[in-house]
Protein chains: 4
Amino acid sequence: MKRKIRMGMVGGGPGAFIGEVHRMAARLDGIIELVCGAFSSDPDKNRAAGKALFLPGERCYATFDEMFEKESSLPEDERMDFVSITTPNHLHFPIAMKALQAGFHVVCEKPMTLTVEEAETLAKEVERTGLIFCLTHNYTAYPMSRVAKRMVRNGDLGEIRRIMVEYPQGWLADAVTPDNIQGSWRTNPKTSGISCCMGDIGSHSENLAEFISGLKITELCANIKSFVPGRTLDDDGDVLLKFDNGAIGSLTASQIAVGEENALKIRIYGTKAAIEWNQQDPESLIVKYNDRPIQVMRRNWAGVGAEWSRIPAGHPEGFLEAFGNIYRDLAMAIDARLEGVEYESEFPTVQDGLRGVRFIHAVVASQGQWVKL
Amino acid sequence: MKRKIRMGMVGGGPGAFIGEVHRMAARLDGIIELVCGAFSSDPDKNRAAGKALFLPGERCYATFDEMFEKESSLPEDERMDFVSITTPNHLHFPIAMKALQAGFHVVCEKPMTLTVEEAETLAKEVERTGLIFCLTHNYTAYPMSRVAKRMVRNGDLGEIRRIMVEYPQGWLADAVTPDNIQGSWRTNPKTSGISCCMGDIGSHSENLAEFISGLKITELCANIKSFVPGRTLDDDGDVLLKFDNGAIGSLTASQIAVGEENALKIRIYGTKAAIEWNQQDPESLIVKYNDRPIQVMRRNWAGVGAEWSRIPAGHPEGFLEAFGNIYRDLAMAIDARLEGVEYESEFPTVQDGLRGVRFIHAVVASQGQWVKL
Amino acid sequence: MKRKIRMGMVGGGPGAFIGEVHRMAARLDGIIELVCGAFSSDPDKNRAAGKALFLPGERCYATFDEMFEKESSLPEDERMDFVSITTPNHLHFPIAMKALQAGFHVVCEKPMTLTVEEAETLAKEVERTGLIFCLTHNYTAYPMSRVAKRMVRNGDLGEIRRIMVEYPQGWLADAVTPDNIQGSWRTNPKTSGISCCMGDIGSHSENLAEFISGLKITELCANIKSFVPGRTLDDDGDVLLKFDNGAIGSLTASQIAVGEENALKIRIYGTKAAIEWNQQDPESLIVKYNDRPIQVMRRNWAGVGAEWSRIPAGHPEGFLEAFGNIYRDLAMAIDARLEGVEYESEFPTVQDGLRGVRFIHAVVASQGQWVKL
Amino acid sequence: MKRKIRMGMVGGGPGAFIGEVHRMAARLDGIIELVCGAFSSDPDKNRAAGKALFLPGERCYATFDEMFEKESSLPEDERMDFVSITTPNHLHFPIAMKALQAGFHVVCEKPMTLTVEEAETLAKEVERTGLIFCLTHNYTAYPMSRVAKRMVRNGDLGEIRRIMVEYPQGWLADAVTPDNIQGSWRTNPKTSGISCCMGDIGSHSENLAEFISGLKITELCANIKSFVPGRTLDDDGDVLLKFDNGAIGSLTASQIAVGEENALKIRIYGTKAAIEWNQQDPESLIVKYNDRPIQVMRRNWAGVGAEWSRIPAGHPEGFLEAFGNIYRDLAMAIDARLEGVEYESEFPTVQDGLRGVRFIHAVVASQGQWVKL
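Residues numbered from 1 in each chain as written. Chains lettered and ligands numbered in written order. Predicted model: local features only at pLDDT ≥ 70, side-chain atom pairs only at ≥ 80, totals over all residues. Heavy atoms only, no water.

(A) Fine view of the relation of the copies chain D and chain B. Note on the identical chains: chain D maps onto chain B by a rotation of 180° and an axial translation of 0.0 Å, with an RMSD of 0.0 Å. Such a combination of turn and shift is consistent with a two-fold rotation axis. When each C-alpha of chain D is compared by its distance to the rotation axis, Gln295 of chain D comes out closest, at 2.3 Å. Most of the interface of chain D is mirrored in chain B: 100% of its interface residues are interface residues there too. (Least-squares fit on C-alpha atoms with pLDDT ≥ 70 in both. Contact = heavy atoms within 4.5 Å.)

Below, the structure written as structure tokens:
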């Protein structure tokens, strides 16, 4: 790399959770620098964010429109290379479209858009512009979820028969108070879209299941519910799944599962072996057999997943390192563009985003009946 | 107790798994003695079993009919008090009916009968005779599953919202060879009934979920499948659940989940707390809260579950001790009858058996649609 | 087996812990029957015990002397085959000597005797009489501790370099109240001998380490302490170890480790692999390598330890089953004597007992200096 | 903060492990920027490192002497604020002394120096200059090890009686090949000092035990050994410990514990409660009681350790975040100096370093005898 890749940001002002995650992930390897942002629609908060991030005042923009316009007009060796969109869901689409039209590569949070139509439009715009679009389904970037994918692809599990993915959280078990910024917009249809729980973490589950297994969900039957009085969007649900190779399984997502932190877990059973990966214990990948003892593969031990590791086994890596893998991959992809060379990236794409939006809409449409995906 | 309680047995000859489990469980506390049996329809095997069990030849009967007849004619201080039925499923009903009609208390394996009609008939016969009928849903007899039930009943979890129960096994992942006696009859509709996986372990899961939660499943939607070529009965499936208080959840049972031993696990989420219990780690009950650290309750530590324990905490009890709790409870119930005193037993009853058979039939009838239970 | 093996018992009256453990273990397989006992020096307790165990009054003896005398005079097809000694430590020696002299096989609790001289005398008496002497170092009878031993013997670990064994318990963290029968005699030098903690569980640790590794401790340096005010015997300590092949390691035993149940754990590191076994999770044996993923071997899965198992993998076996393995083995050894055939038993012997007593005395003598064992 | 804190670095060139760890940790929060370095004594490697880190050529210095000289002469708003020393052990002392004398704050790897005399000299120089000196005993910077310390200080454990700390690794189980840069200098007395294993990870263990417990080791008795043929320094050992309040315990460190990654674990037992923390599962702190269920405290759940957390519970933080806590703390301490305000830092100091060097020398001097510390 000849220079650091330059990042701009929309969203991620004071009080946001995921904005600072993106920034820490982007900083980790020292190959990306944040050069500008439109962090909040509140001018004071926006300025405060910019100052805390040591940005020059003139690159802390009032709106994303202004940001794209001004950055476009900067000399090539100054202006941002890509923008990270870390706003509530309803803004992903308009910002991403504008960014692409202004010629910037895009990193976007999920769910990608509010509607399937938006998602399709965005996918077309990505194709039209040829720009890089990276969706932060970050759980696919853990070393051990990637090792899992590779094992499936290598045939180590035989033919897949059963997939179980679950994502219980407890943080929305009670009514949200106004000071809970994230809880407020996630439970609000205007900012969150047609689903809260399935949109937020159901889509992560769907994505991870398809990512590791290499299979596609063809049909689903969902039972979703809103438990907290006054809440209009789902906060809990189970989904029966059928996959394109004949495998079956289930997906559970909940935000009212009291006591659960962020317990994303996936199990895939094949004819020869099974794998189990738990995001809260991400350094281990458990492999089970009928005819052999259990194997616990550990990140960066005996070479496993070394290519996605930063530090030795037993020195725990976690959420930020996985997120950082997406940013490192993105930076290398942009660098390859700058250098005019080929590069095969591993981060999720606009197609993953489109599939996720379709999944969310299918789940909501299901209402206890089987629907095709 | 003035004397040991006397046990007869049908089934459980050489090569059977569950028959010897019943015997070890019955022996554990030294208050039950095996006095007779009809262990196998094969005369050689029957004799071999009786000899290995140090039974006098004359109390090793060729058939259960003969057993009930001859035992009935013995003096009261010699004849068996109860019979344990550990045959394949299709024989539970005729044997249990005969036993009751001959005046013997009954311990019966699950699923209780092949059809709902048989189950209803049997339930009536139990009521008519007033005899004791004990169904060996043994997982309800672990100290920590009972502690879990008590916590729910005490309101420690608040209002229940979500129940997840799963029972993955891998032992039927491949086609069954003829020497696999248990596998052969379980996958055969004649001996097993309309379901293999859901009949065997799905029914355990349903029973445990209702036992601990105190709730009833009111509706279900199942997706079951037979994966192994040539197999006619289900060996895998997921079920969406609705409970009578508005809670929802899921049940998964599989016999093709490669690498899984006997991984029955239940999680129940309430408004205040959640519990998790795993049969393969039965000494711990995990309790989770949104506003407090996780608690790991341990059998017979700080008094937890002491009433169902035999030995101190940290001296692992397991499957046989839980099974033994059912037999000890049964022996005490019979002793109370002999003494003419009241006794409140905790073992599962013919009503649990009836509910289990209804559950199995509802799952098979569902075919992906919602059915009432 | 032509008949059940007949057991007598000294100790194990009401309130004792280990006596009932011996009985449950002896009952488990239905090949041993308790025929007599001298359960307590208190006549009322003795009678109560005999009655609760359904023994005829005449075989519930006032003293062990009486028991050995009377049983000796019974016809051969009635009298007990062996006696289990489950009294406090100080009585092991006189009872065992008497039993052997009266011609009975012996099962004895550990520590075997109070002094090294007694232990040597007893070992000679066992040799002289040729009778069977079985010491209940029960932790060597778990399937997975035996699998561990076999792996070491097979060379799977390479040359052993490091052994770590620890046995923390918390039950004696506070002063013992008089109603705590076991706590009272264990902390009393008259009944317990020169050591409490090292005598009780330090000796188990030493035995397990030598059992699995096949090595002998040659030198040790101990730092033991009595923490609870007024207590004269040790309740806590660490020991540095040297083994006869050059391996080193440590042994920790504590009865004041608050919150610990019965957390015996052993780790053995060789040049090629390491093993780890934890008594509170006894169904798993963890094997670690530098060049391969971790392996978790599970009891009776893929054939592991099947020869010492009663039930399938995933159906937890525990403390009583392990203890039962000792009794089953003993019964088969006695049966072989009766039949006049060879039999290779696996239970610990009088030599293990002698070694344990030597270990205890070496630890107490060490006082922070190296002593030879 | 008005500006980023400026970091220089000695060591950490290509192939080093810990240098890049320091840089990632320093980057994480975006408040520190690397401005210069002397990364390697090999000019090519030094240049390569500088280029990969996007440093201007003129601030990539050939030697640390040159670095301190040139940086000192830069204008105040350009020159580095502190230097991180990540070289092999033998260079810590001369570099740190020079840095202090040139007026730079210092971050230094452990063990701090080769000899006790050097350590004392350095401690005096820190005192004389009044500059900030931060030793990277990073394990004290995990949120849950800090929570543990606070619990002890609050008296939640009662009086401490027993401390067990262990640090098994397997990476030096075999002879080191020349391409193993870290392994080569660590096993070489010239670069590593008088100890390999105890110097590297024994000192971490000592530091963590004293940090959490708030106690001081007063006496120790060590049994250390070098297992790998041809190796002159220790690679394995156990140490008996006595603490200043009467507590006892043990410390084990090994680099030949095959299969172990970086398994630092500490257990502290008091009269009221015990705690257990395992670096490989750093998000949990286990608390045990005699009279209550086990508690598992989780980082940032129910407020636990929130002040040292970056992201929510269940989003695993690890080694780099803990290391980053040291760098964030350091940056804030330097910023406070720049602002002329008070600041209470939590990072380990030159006194921890001195204590560590004394510990290492006491262990090596012990040779199986008790020595005072």
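(B) Fine view of the packing of helix H1 (residues 18-27) of chain C against helix H10 (residues 319-339) of chain C. Residues and elements named next belong to chain C. Packing of H1 against H10 brings their axes to within 8 Å, and their N-to-C directions diverge by 70°. Overall, the two elements H1 and H10 adopt an arrangement that is roughly perpendicular. Between H1 and H10 lies a crossing of right-handed hand. Residues Ile18, Val21, His22, Met24, Ala25 and Ala26 of H1 form the contact with H10, whose own contacting residues are Phe319, Leu320, Phe323, Gly324 and Tyr327. A breakdown of the residues in the contact of H1 with H10 according to their chemical character gives nine nonpolar, two polar and no charged. (Axes fitted to C-alpha atoms, helices over the stretch in contact; angles between N-to-C directions. Helix = DSSP H or I, 4+ residues; strand = E, 2+ residues; numbered from the N terminus. Parallel < 35°, antiparallel > 145°, perpendicular 65-115°, else oblique. Left-handed = near helix turned anticlockwise from the far one by under 90°. Nonpolar A, V, L, I, M, F, W, Y, C, P; charged D, E, K, R; others polar.)

(C) Fine view of the confidence of the model for chain A. The share of residues in chain A with pLDDT of 70 or more is 100%, and the mean pLDDT across the chain is 97. Interface scoring of the predicted complex returns ipTM 0.97; its pTM is 0.98. (pLDDT = per-residue confidence, 0-100.)

(D) Representation of the sheet that holds strand S5 (residues 133-135) of chain A within the structure. All names here are of chain A. Read from one edge to the other, the open sheet built from five strands follows the order S2-S1-S3-S4-S5, with strand pairing classed as parallel. Strand pairing shows two members of the sheet lacking a second neighbour, strand S2 (32-38) and S5, which therefore form its edges. Each strand axis lies, on average, 20° off the axis of its neighbour in the sheet, ignoring direction. Pairing of strand S1 (residues 5-11) with S2, which is carried by six bridges, proceeds in the parallel orientation. Residue pairing across strands places Gly8 opposite Cys36, the latter belonging to S2. Most of the contacts of helix H1 (residues 18-27) go to S1, to which it runs at about 175°, and overall it touches S1, S2, strand S3 (82-86) and strand S4 (105-108). (Pairing = 2+ DSSP bridges.)

(E) View of the relation of the copies chain A and chain B. The transform that puts chain A on chain B rotates by 180° and translates by 0.0 Å along the axis, for an RMSD of 0.0 Å. Looking at the interface residues of chain A, 98% of them are also at the interface in chain B, so both copies use one shared face.

(F) Spatial organisation of the interface of chain D and chain B. Counting residues at the interface gives twelve residues for chain D, matched by twelve residues for chain B. Interface of chain D and chain B: buried area, both sides summed, is about 1,000 Å²; carbon and sulfur atoms make up 63% of it. Three residues, Pro293, Ile294 and Trp301 of chain D, lead the burial of chain D against chain B; their summed loss comes to 45% of the area buried on that side. Joining chain D to chain B, the criterion identifies zero salt bridges. Between the two partners, chain D and chain B, sit four residue pairs in polar contact (both at pLDDT 80 or more). Relative to strand S13 (residues 294-298) of chain D, strand S13 (residues 294-298) of chain B runs antiparallel, the two sharing three bridges. Residue Ile294 of chain B lies in a different strand from S13 of chain D, and its bridge partner there is Val296 of chain D. (Buried area = accessible area lost by both parts, 1.4 Å probe. Salt bridge = Lys/Arg side-chain N within 4 Å of Asp/Glu carboxyl O. Polar contact = N/O pair within 3.5 Å; in protein donor to acceptor, adjacent residues only side chain to side chain.)

(G) Broad picture of the interface of chain A and chain B. Taken together, the contact pairs 47 residues of chain A with 46 residues of chain B. Of the roughly 3,600 Å² buried between chain A and chain B on both sides combined, carbon and sulfur atoms contribute 49%. Inspection of the region where chain A meets chain B yields eight salt bridges. A salt bridge links Glu166 of chain A to Arg267 of chain B, with the shortest nitrogen-to-oxygen separation between them at 2.7 Å. Our count for the contact surface shared by chain A and chain B stands at 20 residue pairs in polar contact (both at pLDDT 80 or more). Elements with a minimum of two residues in the side of chain A that touches chain B: strand S6 (160-168), strand S7 (217-225), strand S8 (236-243), strand S9 (248-254), strand S10 (265-270) and strand S11 (274-278) of chain A. Per-element accounting of the side of chain A that touches chain B gives the leading share, seven residues, to S8 of chain A. Along the lines of polarity and charge, the residues of the side of chain A that touches chain B split into 20 nonpolar, 14 polar and 13 charged.

(H) Summary view of empty space enclosed by the protein. Under the criterion given, the structure shown has 13 cavities of 30 Å³ or more. Taken as a whole, the second largest cavity holds about 130 Å³ of empty space. Residue lining of the second largest cavity: 14 residues in total, with Gln280 and Pro282 of chain A together with Asp281, Pro282 and Pro316 of chain D positioned closest to the centre. Tallied by class, residues from the lining of the second largest cavity come to four nonpolar, three polar and seven charged. (1 Å grid on protein atoms, 1.4 Å probe; cavity = no way out; pocket = protein on both sides within 12 Å on 5 of 7 lines; lining within 4 Å. Points joined across faces, edges and corners; volume = space filled by probe spheres on them.)

(I) Broad picture of the pattern of salt bridges. Per the stated rule, a full pass over the model turns up 120 salt bridges over all chains. In this structure, the salt-bridge partner of Glu260 of chain B is Lys288 of chain A, at a minimum N-O distance of 3.1 Å. Separated into two different chains, Glu260 of chain B in the loop between strand S9 (248-254) and strand S10 (265-270) and Lys288 of chain A in strand S12 (residues 284-288) make up a pair that spans both. Several salt bridges share partner residues, and in doing so they unite Glu166 and Arg267 of chain A together with Glu166 and Arg267 of chain B into one network.

(J) Here's a closer look at the sheet that holds strand S5 (residues 133-135) of chain C. Residue and element names in this part refer to chain C. Taken in spatial order, the five strands line up as S2-S1-S3-S4-S5 in an open sheet, and their pairing is parallel. In the strand order of this sheet, the two ends are held by strand S2 (32-38) and S5, each with one partner. Between one strand and the next, the sheet's axes are offset by a mean angle of 20°, whatever the strand orientation. Pairing analysis gives five bridges linking strand S1 (residues 5-11) to strand S3 (residues 82-86), with the strands arranged parallel. From the neighbouring strand, Met7 faces S3, where its bridge partner is Phe82.

(K) Highlighting unusual backbone geometry. Look at the link from Lys110 of chain B to Pro111 of chain B: it is a cis peptide, with omega at -10°. Following the sequence through the fold, Pro111 of chain B ends up in the loop between strand S4 (105-108) and helix H5 (116-129). The phi dihedral of Gln367 of chain A is positive, around 45°, even though this residue is not glycine. Structurally, the position occupied by Gln367 of chain A is in the loop between helix H11 (350-366) and strand S14 (370-372). By relative accessible area, which is 68% here, Gln367 of chain A ends up exposed. (Buried < 20%, exposed > 50% of the residue type's maximum accessible area, 1.4 Å probe, protein only.)

(L) Seen up close, the environment of His315 of chain D. If you trace the backbone, His315 of chain D turns up in the loop between S13 and helix H10 (319-339). With relative accessibility at 8%, the residue His315 of chain D sits in the buried group. When sequence neighbours within four positions are dropped, the list of residues in contact with His315 of chain D reads Phe17, Tyr139, Asn262, Gln279 and Phe319 of chain A together with Glu283 and Arg299 of chain D. Within the local environment of His315 of chain D, its side chain forms a polar contact with the backbone oxygen of Ala313 of chain D, the two atoms lying 3.1 Å apart.

(M) Just the pairing of strand S9 (residues 248-254) of chain D, in detail. All names here are of chain D. Burial of S9 is extensive: seven of the seven residues sit out of reach of the surface. Here S9 shows two buried faces, one formed by Ile248, Ser250, Thr252 and Ser254 and the other by Gly249, Leu251 and Ala253. Sheet topology note: the strand S6 (residues 160-168)/S9 ladder contains seven bridges and is parallel. Looking at S9, one finds that Glu166 is bridged to Thr252. As consecutive antiparallel partners, strand S8 (residues 236-243) and S9 are separated by four residues, and within that stretch Gly246 has a phi angle of approximately 100°, a positive value.

(N) The packing of helix H3 (residues 64-73) of chain B against helix H4 (residues 92-101) of chain B, seen in detail. All names here are of chain B. Between H3 and H4, the least distance of the axes is 10 Å, while the angle of their chain directions is 10°. Taken together, H3 and H4 sit at an angle that is classed as roughly parallel. Taking contact as the criterion, the partners of Phe64, Asp65 and Phe68 in H3 are, on H4, Pro94, Ile95, Lys98 and Ala99. In terms of residue class, the contact of H3 with H4 is built from five nonpolar, no polar and two charged.

(O) Summary view of the packing of aromatic side chains. In total, this model carries 36 aromatic pairs over all chains according to the counting rule given. On the basis of an interplanar angle of 45° and a centroid distance of 5.8 Å, the ring pair of Phe319 of chain D and Phe323 of chain D is categorised as tilted. Linking Phe319 of chain D with Phe323 of chain D, this pair stays in helix H10, spanning four residues, or about one helical turn. Grouped by ring-pair contacts, the aromatic residues Phe82, Tyr139, Tyr142, Tyr167, Trp277, Phe319, Phe323 and Tyr327 of chain A constitute a single cluster. Stacked on the ring of Trp370 of chain A, the Lys or Arg Lys242 of chain A has its end atom at 4.3 Å from the ring centre. (Phe/Tyr/Trp six-rings, centres within 6.5 Å; stacked < 30°, edge-to-face > 60°. Lys NZ or Arg CZ within 6 Å of the ring centre and 35° of its normal.)

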